[in-house]
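Structural overview for review
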Amino acid sequence: MDLRIDGLCVTLNGQEIVRRLSLDVANGHVVGLVGPNGSGKSTALRCVYRALRPSSGTVWLGGGDLFALSLRESARTVAALTQESGSDLDFTVEEVVALGRTPHLRGNQPLSARERDLCRHAMERLDVAHLARRGVLELSGGERQRVLVARALVQEPRVLVLDEPTNHLDVRHQIELLSLLRGAGTTVLVVLHDLNLASAACDRIGVLSEGALVAAGTPAEVLTPPLIKEVFGVDAAVVPHPMTGDPQLLYTLLSPAPERGRR
Ligand SMILES: Nc1ncnc2c1ncn2[C@@H]1O[C@H](COP(=O)(O)OP(=O)(O)OP(=O)(O)O)[C@@H](O)[C@H]1O
């Protein structure tokens, strides 16, 4: 399903946080949203999973206005993994994963055999099946993050929205998660801080700066030294990945400020 963000504006407490953001995610594509801290990435994403109503602009899902759908219909269509997800859930891992089916169930209807299989399969894919009976609150940050991704997958969403999903994950689980997103065939909009992972995982990247989109295109079009300097204030060299050819950024540390009183 296509996702189109069209002229999105968000004003909070009289401050314009997102300014006329337009960004398309074609059906089955992975689009990354990157930008400095406070540039409005999470705020824009919140409009896509309906935690926030934009001040103006439209989020189109497959040609229909997201905010015109019933809450149940949009919960079936869009799954979100957010910074706030699941930190208040005092349930076992398997119970939390099963909650992903909630938008598809009526009342207290139990899960079908297919749905139980779906949950088991998602736990295996996210390497949390061995934790099934553990309480989520006693897991490490990375384990819990993987449980929440499994929950999002069992929702069988047509659009998946993730805010820094690699947060807390070790390098193997980061790579596994992004590979899974690339291979899922689902429309994905993902906020990432690691520009090299974004380059490897995304078909296209949008760059936000002070609430406005300043660049959008393929990783090679967007991740250029002048843009990185302008948006992040950092000098970077861009080299092709020796195995994949994806553009990869190399940084150097900033020169330390001269110490006072020393020559
Ligand atoms: N409810 C709110 N009321 C007022 N200002 C807010 C609110 N929520 C966010 N902001 C402000 O909006 C700006 C953008 O925040 P947002 O969380 O969208 O940025 P971000 O790009 O996701 O940042 P980060 O990379 O640090 O996660 C910040 O300056 C933040 O302080």
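These notes cover the structure that comes with them. (Residues numbered from 1 in each chain as written. Predicted model: local features only at pLDDT ≥ 70, side-chain atom pairs only at ≥ 80, totals over all residues.)

**Some words on the overall build of the protein chain**
A tally of regular secondary structure across the protein chain gives nine helices and 12 strands. Scaling as 2.2 N^0.38, a compact globule of 263 residues should have a C-alpha radius of gyration of about 18 Å, and the protein chain matches this with 20 Å. Counting only C-alpha atoms and orienting by the principal axes, one finds that the protein chain spans roughly 70 × 40 × 40 Å. For the protein chain, the share of sequence-separated contacts (at least 6 apart) that also reach a separation of at least 24 residues comes to 66%. (Helix = DSSP H or I, 4+ residues; strand = E, 2+ residues; numbered from the N terminus. Rg over C-alpha atoms; globule rule 2.2 N^0.38 Å. Contact = placed C-beta atoms within 7 Å.)

**Some thoughts on the nonpolar core**
In this structure, Val48, Val97, Ala122, Ala150, Val161 and Leu189 are the most contacted members of the largest nonpolar core, which totals 64 residues. In this view, Leu189 contacts Leu3, Val25, Val31, Leu33, Leu45, Val48 and Val161; residues no more than four positions away in its chain are not counted. (Core = buried A, V, L, I, M, F, W, Y, C linked by C-beta atoms within 7 Å. Buried ≥ 20, exposed ≤ 12 C-beta atoms within 10 Å, placed from the backbone.)

**Quick notes on the site of the ligand**
Neighbouring the ligand are Leu12, Asn13, Gln15, Ile17, Gly35, Asn37, Gly38, Ser39, Gly40, Lys41, Ser42 and Thr43. Counting only elements with at least two residues in the shell around the ligand, the list comes to strand S2 (15-25) and helix H1 (41-48). For the shell around the ligand, a count of residues per class yields two nonpolar, nine polar and one charged. (Near = placed C-beta within 6 Å. Nonpolar A, V, L, I, M, F, W, Y, C, P; charged D, E, K, R; others polar.)

**Concerning H1**
In terms of burial, H1 is a largely internal element, seven of the eight residues being buried. Restricting attention to buried positions, one finds in H1 the residues Lys41, Thr43, Ala44, Leu45, Arg46, Cys47 and Val48. Note on H1: the residue one or two positions beyond its end, Arg50, has a positive phi of about 70°.

**Points about the sheet that holds strand S6 (residues 78-81)**
Ordered in space as S6-S7-S8-S3-S9-S10, the six strands form an open sheet in which the pairing is mixed. The sheet terminates laterally at S6 and strand S10 (212-217), the two strands that pair on one side only. Shown here is a sheet whose adjacent strand axes are inclined to one another by a mean of 15°, direction ignored. Here S6 pairs with strand S7 (residues 159-163) via four bridges, running parallel. Directly across from Val78, in S7, lies its bridge partner Val159. (Pairing = 2+ DSSP bridges. Axes fitted to C-alpha atoms, helices over the stretch in contact; angles between N-to-C directions.)

**Describing unusual backbone geometry**
Residues other than glycine seldom take positive phi values, yet Asn13 does so here, at roughly 50°. Locating Asn13 in the fold gives a position in the loop between strand S1 (3-12) and S2. Given 5 C-beta atoms within a 10 Å radius, Asn13 is considered exposed. With phi around 70°, Arg50 is a residue other than glycine that occupies positive phi space.

**What to know about the packing of helix H4 (residues 113-125) against helix H5 (residues 141-154)**
Contact geometry for H4 and H5: axes closest at 9 Å, N-to-C directions at 145°. Handedness of the crossing formed by H4 with H5: right-handed. Across the interface between the two elements, Leu118, Cys119, Ala122 and Met123 from H4 touch Ala150, Leu153 and Val154 from H5. Along the lines of polarity and charge, the residues of the contact of H4 with H5 split into seven nonpolar, no polar and no charged. (Left-handed = near helix turned anticlockwise from the far one by under 90°.)

**Side note on the pairing of S7**
Within S7, five of the five residues are buried, leaving the element largely enclosed by the surrounding structure. Every second residue of S7 is oriented toward a common face, with Val159, Val161 and Asp163 on one face and Leu160 and Leu162 on the other, all of them buried. Taken together, the five bridges between S7 and strand S8 (residues 187-191) define a ladder with parallel strand orientation. Note on S8: the bridge partner recorded for Val159 is Thr187. Since S7 and S8 lie parallel, the crossover through helix H6 (residues 171-183) that links them has a hand, and here it is right-handed. (Right-handed = clockwise from strand over helix to strand, strands pointing away.)

By themselves, these are just geometric observations and shouldn't be taken as functional.
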